[in-house]
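Observations on chain architecture
Listed below are the residues making up each chain.
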Amino acid sequence: MFVHKRLSRILSLLFALISISILLPACKSFDSTKASRASASISQNPSKPVEMKLVLGYAEEIPSKDNLVVQELNKLANADIQIEWTPMVSYNDKFKVLMSSNNLPDVLLVPDVKNTTFVDGANAGMFWELKDYLQEFPELKEIKPVLLLNASVEGKLYILPRERALKRKMVIYRSDWARKAGLNAPDTLDGIYAMAKTFAQGDFDQNGQIDTIGFALGTVNNEIDCIDALVVAFGGFNRWGLQDGKIIPSFMTEKYFETLKWLRKMYEEKLISPDFTITKTTQIVPDIVDAERTGLWLGYKLPGLSDPVLVAKQKEDPGITRKDVYEYAFLKGPDGVERIAAETGIAGGFAFPKQSVRDEARLRELLGVFNVIQSLQGQILINNGVPDVHFKLVDNKFAKTVDPTVFNREVSPIGQLGTSGAKSYIIADDDISIRLDMDRNTYDINNMIFDVTAALASASFSTNSATLHDIISNAQFRFIMGDIDEESWKQAIENWKNAGGSSAIEEFTAAYFR
């Protein structure tokens, strides 16, 4: 398979940076002296806290106004961080409202650097360009170059990227149900199908009814979440790839269509919920898994230690651990070798609107706060919490939560402020959490399938992205549900091309070979 030299250079750089981060020592200690120095360095007037307003999403419960982690972060960074909380499931809608308002916060969380509204705003000069300023801050200037590259808009950096693992999407399942059925880990597409069918035809929740959803699908931004993981497991692209000398979207390939036919078959056999098109990914665990309506889904994280199903099992048998109820698997490709739909390494980032950040002095104040957040002490605080309150140190390298419920309420939401999580302790509440962290950092770079457009730009795609997205997502849903046939699917692709898709292909291809 031909791989262009530009992509090879990017992957080589990425692999080198990953290797370095893996080799970094895991042992950390909370150094109050370093914290004090970092705090004092962010402002010329340390007696006056830096006010910073922003909006973040919450998944389960709104953090209180007197959140201890925020209080400690304010002390550490000499700041006055004021967070407006909005449901995570509707943050994209909130983002659109903010972008169209005349009242932008000091810091704006951008969910996707390729979001059309954001790209248009950036190109119109709404946000500060950050690249040169980062060099003034010892922590921020250490952000990995590949993250800055993937966070750029037409070569310019307007956000502080939020780093995420490259290997995240996984199959999650009820391990107790699987053991009862004699099933192996669903690390292949055949394995998923077999488990979905077994679960759907059984009464594993013991409610006397055959009503289990075999395979729960969730949606995000009006498309099936994690579908790229399935396409890649079929041997296809991760969203965009190189074929016959052109950069094309995966849905134009045969492998993508095979994935749709596979899902359609499962839908016809009632292995997939009939309302999957309106089920948000964030609803799967609280509304479906915790009600024991399914035991198989795609996601990014395991149910936590306070999960009601796990807690109920532990009341019956205190010896039960999380791995006895839940497990995970990373998908393999057609050759039986792990084949992962790699992330870009970022989950959006923080932009600084010129409307609310009027001058360089104010920008530097805010970047100073993020410089402290990016530090070792800052990262431990927002990801692990306050020592002995939210976590205890195990073997001087792992963090064990004191109370999972309190941790989920007070610490987890604040972790969204992080621009890099590599410096904090691994949350090691049990064996499976340590194993998952190790698995996520163990892979063959050649089996990580990247979206080749991650660092590329297309004006046509940005301008028409909402329309282009809707054409394909609607056709995707309708084909799986049996509302349209193959010819109608092909017509949807033609409609996509005519709505600006063909120009996007040309522009991405030109940028790739430039």
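Residues numbered from 1 in each chain as written. Predicted model: local features only at pLDDT ≥ 70, side-chain atom pairs only at ≥ 80, totals over all residues. Heavy atoms only, no water.

1. Overview of the nonpolar core
Across soluble globular proteins, nonpolar side chains have a tendency to be buried as a group. Counting 64 residues, the largest nonpolar core has Leu 54, Ile 81, Phe 118, Phe 352 and Phe 370 as the members making the most contacts within it. Here the element with the most residues in this core is helix 14 (residues 360–373); it accounts for seven residues. Those residues in contact with Ile 81, other than ones at most four positions away along the chain, are Met 52, Leu 54, Val 70, Leu 73, Asn 74 and Val 369. The next biggest cluster of nonpolar side chains, apart from the first, holds 57 residues, and it includes Phe 199, Ala 200, Ile 272 and Ile 472. (Core = buried A, V, L, I, M, F, W, Y, C linked by side-chain atoms within 4.5 Å. Buried < 20%, exposed > 50% of the residue type's maximum accessible area, 1.4 Å probe, protein only. Helix = DSSP H or I, 4+ residues; strand = E, 2+ residues; numbered from the N terminus. Contact = heavy atoms within 4.5 Å.)

2. A look at unusual backbone geometry
In the Ramachandran plot, Arg 239 falls in the positive-phi region, its phi being about 75° despite a non-glycine side chain. Structurally, the position occupied by Arg 239 is in the loop between helix 10 (227–233) and strand 10 (240–243). Positioned with a positive phi, Lys 270 is a non-glycine residue whose angle comes to about 60°. Residue placement: Lys 270 occurs in the loop between helix 11 (254–268) and helix 12 (281–289).

3. Section: the sheet that holds strand 3 (residues 108–110)
A sheet is described by the order of its strands in space; here three strands give the open sequence 3-15-6, paired in antiparallel fashion. Both edges of this open sheet fall to strand 3 and strand 6 (159–163), since each of them pairs with a single strand only. Each neighbouring strand pair of the sheet contributes to a mean axis angle of 30°, computed without reference to strand direction. Pairing geometry for strand 6 and strand 15 (residues 346–351), over four bridges, is antiparallel. Bridge pairing in strand 15 places Pro 161 opposite Gly 349. (Pairing = 2+ DSSP bridges. Axes fitted to C-alpha atoms, helices over the stretch in contact; angles between N-to-C directions.)

4. Some points on the sheet that holds strand 18 (residues 426–427)
Picture the strands of a sheet paired through backbone hydrogen bonds; they go either parallel or antiparallel. In spatial order, the strands read 16-17-18; together these three strands make up an open sheet with mixed pairing. Every interior strand has two partners, whereas the edge strands, strand 16 (391–394) and strand 18, have only one. Bridging between strand 16 and strand 17 (residues 398–401) involves four bridges; their strand directions are antiparallel. Residue Val 394 lies in a different strand from strand 17, and its bridge partner there is Phe 398.

5. Quick word on the packing of helix 3 (residues 68–77) against helix 15 (residues 376–384)
Helix-helix packing is described using two parameters, namely the angle between the two axes and the distance between the axes. It is at 9 Å that the axes of helix 3 and helix 15 come closest, and there the two elements cross at 170°. In terms of their interaxial angle, helix 3 and helix 15 are classed as roughly antiparallel. Facing Val 69, Glu 72, Leu 73 and Leu 76 of helix 3, the residues of helix 15 in contact are Gln 377, Gly 378, Leu 381 and Ile 382. Across the contact of helix 3 with helix 15, the residue classes break down as five nonpolar, two polar and one charged. (Parallel < 35°, antiparallel > 145°, perpendicular 65-115°, else oblique. Nonpolar A, V, L, I, M, F, W, Y, C, P; charged D, E, K, R; others polar.)

From the geometry alone we can't say anything about function, so treat these as descriptive.
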